Amino acid sequence: MKLDQKKLRWFAHILTGLYFAACVWLYYQQSVAVLDESLANIPYQSDLPLHISMVIEDGWYYSFTAYVYQLLYWLCAGNTIGIAVFLAVVTAATVYATEALVCRLWKRTADGATLLLSLSLNFVMPAYLSFVGEFRYVSYQSGNIWHNSTYLCMRLMALITLLYYFRLEETYRQGISVREWITFALLNVVCTGIKPSFLVVYSPIVGVFLLADVIRRTPWKRVLAFGSALLPSGLVILWQNSVLFGEDTGNGITFQPWYTFSLHASIVKGAAMCSVLFCALVVIIKLREMVREKTSVFILLMSILGFLEAVCLVESGSRSVDGNFLWGYSFCIFVLFVLCAVKWLQMGTGHTRGIVKLSLSAVYAWHLYCGLYFFINLVTGASYWMR
């Protein structure tokens, strides 16, 4: 069995390597794509040329990734291949960060099965029904996105930050060292500096858990020491807010329920459900077990908050149709799929459970097929607006 798992893991490494190579090609083609004003039927259409142009041509720095792009562009003498390789490394590293979360939730050491599962989790996308939403990505919400470079970088850092939080949450009541505090604070700062979307769905839930500890009479000194590690990332938020929502930008935040979700979906609530169909079924079946597990409760609460922010909040001004409050929810969907996939595979045996598990397998396979179909088409030149 050990030998089989070893071979299986090597096979998973090879598949991840192929995924890396495909992403290098995809991101390079995206980086050199020429966008016009119509943005219609453009091969390899993505946000990447705009992100690079903002830095190289406009000198507009709103994300830490801008400084990385500037450096790589200079090192490669004006060629974008360095940026493409960097994003491919980030994407492949996300597979292994996903595996670390899988192993924590599954309480299992890394092997071939955990890596294959993690690789598949980096492809799952909404269960596509053309009459519900015309576009495979744009009409739905997804945790796997290949057209937005800041989301790709944020997702990796958010996974690392979340894993470190789960580790510290188990031990901080006995004290947190200076090194642990600095590491946790830096992770939050870097992740927020890349894209603030993670902090706004994660920090409120951290606050809820800290408040619960206060009610349980955890010493104030311990709670404040742990919670204060989030404060430096608040300064980053202030900087980003001045860049994105300053008085001269004409942009703000408004409350418009379902506005963003309804822009491109025919059946809005149906599209929202198809986006997380597998997760919804698993949560319904395993909710009683999940509410007894602190990590599961954290992920569920974070997902609910992410959904509420995405469904209710909209940017006013020129970015009103950009859906920028979806990014935090997209990460929540990604993590929720990880949790639900583990719960699905942990289901016991027996006739009834076997039927339920097999049915969930079919739904997961549907999500995975939709993601693989979408990614393969992206690599061959499709726009993320594909049907």
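Residues numbered from 1 in each chain as written. Predicted model: local features only at pLDDT ≥ 70, side-chain atom pairs only at ≥ 80, totals over all residues. Heavy atoms only, no water.

Novice: Before we move on, could you go through the overall build of the chain and cite the residues and values that matter?
Specialist: The number of helices and strands found in the chain is 15 helices and two strands. A compact globule built from 387 residues would reach a C-alpha radius of gyration of about 21 Å, and the chain, at 21 Å, matches this within 12%. The dimensions of the chain, computed from C-alpha atoms along their principal axes, are 55 × 50 × 45 Å. Taking all 387 residues of the chain together, the buried fraction comes to 52%. Here the contacts in the chain between residues at least 6 apart in sequence split such that 74% fall between residues at least 24 apart. The average position of the 27 basic charges and that of the 20 acidic charges among the side chains of the chain differ by 17 Å. (Helix = DSSP H or I, 4+ residues; strand = E, 2+ residues; numbered from the N terminus. Rg over C-alpha atoms; globule rule 2.2 N^0.38 Å. Buried < 20%, exposed > 50% of the residue type's maximum accessible area, 1.4 Å probe, protein only. Contact = heavy atoms within 4.5 Å. Lys, Arg positive; Asp, Glu negative; His and termini not counted. Charge placed at Lys NZ, Arg CZ, Asp CG, Glu CD.)

Novice: Run through the pattern of salt bridges, naming residues and quoting values.
Specialist: In the structure shown here, the tally under the stated rule is eleven salt bridges. The salt bridge partner of Arg-173 is Asp-213, with a shortest N-O separation of 3.0 Å. Of the two residues, Arg-173 is situated in the loop between α6 (149–171) and α7 (178–194) and Asp-213 in helix α8 (residues 197–215); the sequence distance between them amounts to 40 residues. Its relative accessible area of 24% is what places Arg-173 among the partly exposed residues. Taking relative accessible area as the criterion, Asp-213 reaches 2% and is therefore assigned buried. Residues Arg-216 and Asp-213 are paired through a salt bridge, measuring 3.0 Å at the closest nitrogen-oxygen approach. (Salt bridge = Lys/Arg side-chain N within 4 Å of Asp/Glu carboxyl O.)

Novice: Report on the nonpolar core, specifying residues and quantitative values.
Specialist: Counting residues in each nonpolar core, the largest one holds 112 residues, and the members touching the most others are Trp-146, Tyr-202, Phe-278, Phe-298, Met-302 and Phe-331. Looking at this core, the element that brings in the most residues is helix α14 (residues 326–345), giving 16 residues. Filtering out sequence-adjacent residues up to four positions away, Phe-331 remains in contact with Tyr-151, Met-154, Arg-155, Ala-158, Leu-159, Leu-162, Phe-198 and Met-302. If you look at the next biggest cluster of nonpolar residues, it comprises seven residues, including Val-132, Tyr-140, Cys-274 and Cys-370. (Core = buried A, V, L, I, M, F, W, Y, C linked by side-chain atoms within 4.5 Å.)

Novice: I'd like a rundown of the packing of α6 against α8, residues and numbers included.
Specialist: Look at α6 against α8: their axes get within 11 Å of each other, and the N-to-C directions meet at 10°. Classified by the angle their axes make, α6 and α8 are roughly parallel. Each of Met-154, Ala-158, Thr-161, Leu-162, Tyr-165 and Glu-169 in α6 lies in contact with α8, whose residues at this interface are Ser-197, Phe-198, Tyr-202, Val-206, Phe-209 and Asp-213. (Axes fitted to C-alpha atoms, helices over the stretch in contact; angles between N-to-C directions. Parallel < 35°, antiparallel > 145°, perpendicular 65-115°, else oblique.)

Novice: Please provide a residue-by-residue account of a nonpolar patch on the surface, values included.
Specialist: Together, Val-208, Leu-301, Ile-304 and Leu-308 make up a nonpolar patch on the protein surface, roughly 330 Å² of accessible area in all. In terms of residues, the nonpolar patch owes the most to one element, helix α13 (residues 294–312), which gives three residues. The residue Leu-301 is located in helix α13 in this model. (Patch = residues over 30% accessible without salt bridge, like charges linked within 9 Å, V, L, I, M, F, W, Y side chains within 5 Å. Areas by Shrake-Rupley, 256 points an atom, 1.4 Å probe, with all protein chains shown as cover.)

Novice: Could you give me a rundown of the packing of aromatic side chains, with the residues and numbers involved?
Specialist: Applying the stated criterion to the full structure yields 33 aromatic pairs. With a centroid separation of 6.1 Å and an interplanar angle of 35°, the aromatic rings of Phe-123 and Trp-146 are classed as tilted. Linking Phe-123 in the loop between α5 (112–121) and α6 with Trp-146 in the loop between α5 and α6, this pair joins segments that are 23 residues apart in sequence. In this structure, Phe-123 and Trp-146 share a single accessibility class: buried. Look at Tyr-165 and Phe-298: their rings are 5.0 Å apart centre to centre, the planes differ by 35°, and that puts the pair in the tilted class. With Tyr-165 in helix α6 and Phe-298 in helix α13, the pair connects residues that are 133 residues apart, well separated along the chain. One exposure class covers both Tyr-165 and Phe-298, and it is buried. Through pairs of rings, three or more aromatic residues link up here, namely Tyr-164, Tyr-165, Phe-166, Tyr-172, Phe-184, Phe-198, Tyr-202, Phe-209, Phe-226, Phe-298 and Phe-331. (Phe/Tyr/Trp six-rings, centres within 6.5 Å; stacked < 30°, edge-to-face > 60°.)

Remember, this is a structural readout, not a statement about activity or role.
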